[in-house]
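Report on the structure
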Amino acid sequence: MRSKLVAGNWKMNGNLASNQALLKSLIPLLASVTRARCAVCVPYPYLAQTEQILRGQGISWGAQDVCEYEHGAYTGSVSAGMVADFGCRFAIVGHSERRALFGDTDAVVAKKFAAVLKVGLTPILCVGETLAERESGVMEQVIARQVDAVIAQSGAAALGQAVLAYEPVWAIGTGKTATPEQAQAVHAFIRGRVAEQDIRVADGLPILYGGSVKASNAAQLFAMADIDGGLIGGASLVAEEFAAICKAL
Ligand code: PEP
């Protein structure tokens, strides 16, 4: 059976006071969730605070990105080793906002993925198409290219230590969710693509869905055969909403 995960992506939101309130509320709300892992991916400056509040509480935490380099003259960047120092279990790489707004190419994302694995953390690799790509019929090509870049860099076996997240760009932060059938079709495509390289890795690979998941639509999405959890943006900033999504899984 594949492991199940709901990960919150706080993006560039929060402050010391609001984080404390959110994290402290999540602890009792998630205490009854034992069959799925729950995690929050927080901005770098709050990793220490998150570690201090969540350590030993059964909730994991992670970073939202890492630099592809290990150390050196890269002003403003944060390495995978640095976030590992704060007890992270996960680091997101390839989020569509990093790809679209900060120029992360497939090759850079593949290097970031390798950097995360190298320090023993689990990468959450995001892939997904824009609306224009879906409508022009190149969706599968785009997603295959994004997955293949990581396989070319690290090998298919490396996906055995990773989590994948399918996040259609048109569904992120827009309130438009892919239907369970639309999401399932892409998840099955991704699993099939990995299976062409390594069937065992493909069978065990957790593939999360992300894109306007809410408490009201989570259960239908999570009921699909190839959807193993969710990557949650906006709804992860509200404790009760995030907890309800975790419970739906
Ligand atoms: C995300 O940014 O990863 C995401 C899925 O955002 P939202 O849930 O707000 O659409």
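Our subject in this report is the structure included herewith.

Reading the values: the criteria
Residues take numbers from 1 onward in each chain, read along the sequence in its written order. Reporting in this predicted model follows two pLDDT cut-offs: at least 70 for local features of residues, and 80 or more for side-chain atom pairs to be given and counted; totals over whole chains, interfaces and linings ignore these cut-offs and use all residues. Side-chain measures here rest on the full set of heavy atoms in the structure, leaving out hydrogens and waters. Secondary structure counts use DSSP, requiring at least four H or I residues in a row for a helix and at least two E residues in a row for a strand, with both numbered from the N terminus. When we talk radius of gyration, it's over C-alpha atoms, and the globule rule is simply 2.2 Å times the number of residues to the 0.38. Accessible area is worked out with a 1.4 Å probe on protein chains only. A residue is then buried under 20% of its type maximum, exposed over 50%, and partly exposed in between. Note on areas: Shrake-Rupley, 1.4 Å probe, and residue coverage restricted to the protein chains presented here. The sign given to each residue is positive for Lys and Arg and negative for Asp and Glu; His and the chain ends receive no count. Where a charge lies is defined by one atom per residue type: Lys uses NZ, Arg uses CZ, Asp uses CG and Glu uses CD. Criterion used throughout: strands pair if DSSP finds at least two bridges between them. To define axes, lines are fitted to C-alpha atoms, for helices over the stretch in contact only, and angles between the resulting N-to-C directions are given on a 0 to 180 degree scale. Throughout, a residue-residue contact means that at least one pair of heavy atoms, one from each residue, lies within 4.5 Å. Aromatic contacts are taken between Phe, Tyr and Trp rings whose centres are within 6.5 Å, Trp giving its six-membered ring; a plane angle under 30 degrees counts as stacked, one over 60 as edge-to-face, and the others as tilted. Charge-over-ring contacts are defined here by two conditions on Lys NZ or Arg CZ: a distance within 6 Å of the ring centre and an angle within 35 degrees of the ring normal. Buried and open spaces are told apart on a 1 Å grid over the protein atoms alone, a cavity being a set of points where a 1.4 Å probe fits but cannot get out and a pocket being an open set with protein on both sides within 12 Å along at least five of seven lines. Residues with an atom within 4 Å of a point are the lining residues. Grid points are joined across faces, edges and corners, and a volume is the space filled by probe spheres set on the points. Polar here means any residue outside two lists: the nonpolar Ala, Val, Leu, Ile, Met, Phe, Trp, Tyr, Cys and Pro, and the charged Asp, Glu, Lys and Arg; Gly therefore counts as polar. We call two directions roughly parallel when the angle between them is under 35 degrees, roughly antiparallel when it is over 145, roughly perpendicular when it lies between 65 and 115, and oblique otherwise. Handedness of a helix crossing follows the sense of rotation of the near helix relative to the far helix, less than a right angle counterclockwise being left-handed and clockwise being right-handed. In these notes, residues near a molecule or strand are those with any non-hydrogen atom within 4 Å of it. Contacts described as polar in this section are N or O atom pairs within 3.5 Å, which, within protein, must combine one atom able to donate a hydrogen with one able to accept it, while residues neighboring in sequence count only if both atoms come from side chains.

Details of the overall build of the chain
Of the regular secondary structure elements, the chain holds 11 helices and eight strands. Whereas a compact globule of 249 residues would reach a radius of gyration of roughly 18 Å, the chain reaches 17 Å, a difference of no more than 12%. Its C-alpha atoms give the chain principal-axis dimensions of about 45 × 45 × 35 Å. A burial count over the chain gives 52% of its 249 residues as buried. Surface summary for the chain: the accessible area is close to 10900 Å², and the carbon and sulfur share equals 54%. Each charge sign in the chain was given a centre, from 21 positive and 22 negative side chains, and these centres are 5 Å apart.

Digging into the sheet that holds strand S2 (residues 37-41)
Spatially, the eight strands close up into a barrel ordered S1-S2-S3-S4-S5-S6-S7-S8, and their pairing is parallel. Neighbouring strand axes in the sheet, compared pairwise and without regard to direction, differ in orientation by 25° on average. As defined by bridge partners, S2 adjoins strand S3 (residues 60-63) across three bridges and the pair is classed as parallel. Each residue of the ladder has a partner; that of Ala 39, found in S3, is Ser 60. Helix-sheet contacts for helix H5 (residues 106-118) involve strand S4 (90-93) and strand S5 (122-127), and the interaxial angle to S5 is about 160°.

Thoughts on the packing of aromatic side chains
All chains considered together, the criterion is met by two aromatic pairs. Ring geometry for Tyr 69 versus Tyr 74: centroids 4.2 Å apart, planes at 15°, classification stacked. The exposure class of Tyr 69 is partly exposed, given its relative accessible area of 37%. Arg 98 extends its terminal NZ or CZ atom over the ring of Phe 102, reaching a point 3.9 Å from the ring centre.

Digging into the layout of surface pockets
Taking a probe equal in size to a water molecule and rolling it over the atoms shows the remaining empty space. As a volume, the largest pocket reaches approximately 610 Å³. Together, 24 residues line the largest pocket, and Tyr 44, Gln 64, Asp 65, Arg 98 and Phe 102 are the ones closest to its centre. Of all the secondary-structure elements, those providing two or more residues to the lining of the largest pocket are helix H4 (96-102) and H5. Among the elements that take part in the lining of the largest pocket, H4 stands out by supplying four residues, more than any other. Partitioned by chemical class, the residues of the lining of the largest pocket number 12 nonpolar, five polar and seven charged.

Some thoughts on the packing of H5 against helix H7 (residues 139-154)
Each pair of packed helices gets described by two things: the angle between the helix axes and the distance between those axes. Where H5 contacts H7, the axes come no closer than 9 Å and their chain directions differ by 50°. The angle between H5 and H7 places the two elements in the oblique class. Taken as a pair, H5 and H7 cross one another with a handedness that is right-handed. Residues Asp 106, Ala 110, Lys 111, Phe 113 and Ala 114 of H5 pack against Arg 145, Gln 146, Ala 149, Val 150, Gln 153 and Ser 154 of H7. When its residues are assigned to classes, the contact of H5 with H7 shows five nonpolar, three polar and three charged.

Here's the deal with the site of the ligand
By nearness alone, 14 residues border the ligand, and Lys 11, His 95, Glu 167, Gly 173 and Ser 212 come closest of all. One nitrogen or oxygen atom from the side chain of Glu 167 is found 2.7 Å from an oxygen atom belonging to the ligand. Notes on the ligand: free accessible area 290 Å², of which the protein chains cover 96%.

A few points about the pairing of strand S6 (residues 163-166)
Residues of S6 alternate between two faces, with Val 163 and Ala 165 on one and Leu 164 and Tyr 166 on the opposite face, all of them buried. As paired elements, S5 and S6 share four bridges and run parallel to each other. Residue Val 127 lies in a different strand from S6, and its bridge partner there is Tyr 166.

Comments concerning the side chain of Asp 226
Here Asp 226 shows up in the loop between helix H10 (215-222) and strand S8 (229-232). A distance of 2.7 Å separates a polar atom in the side chain of Asp 226 from a polar atom in the side chain of Gln 184. Engagement of the side chain of Asp 226 in a polar contact is seen with the side chain of Arg 191, the distance being 2.5 Å. Leave out the neighbours within four places in its chain, and Asp 226 touches Arg 2, Gln 184, His 187, Ala 188, Arg 191 and Ile 207.

Spatial relationships are all this shows, so hold off on functional conclusions.
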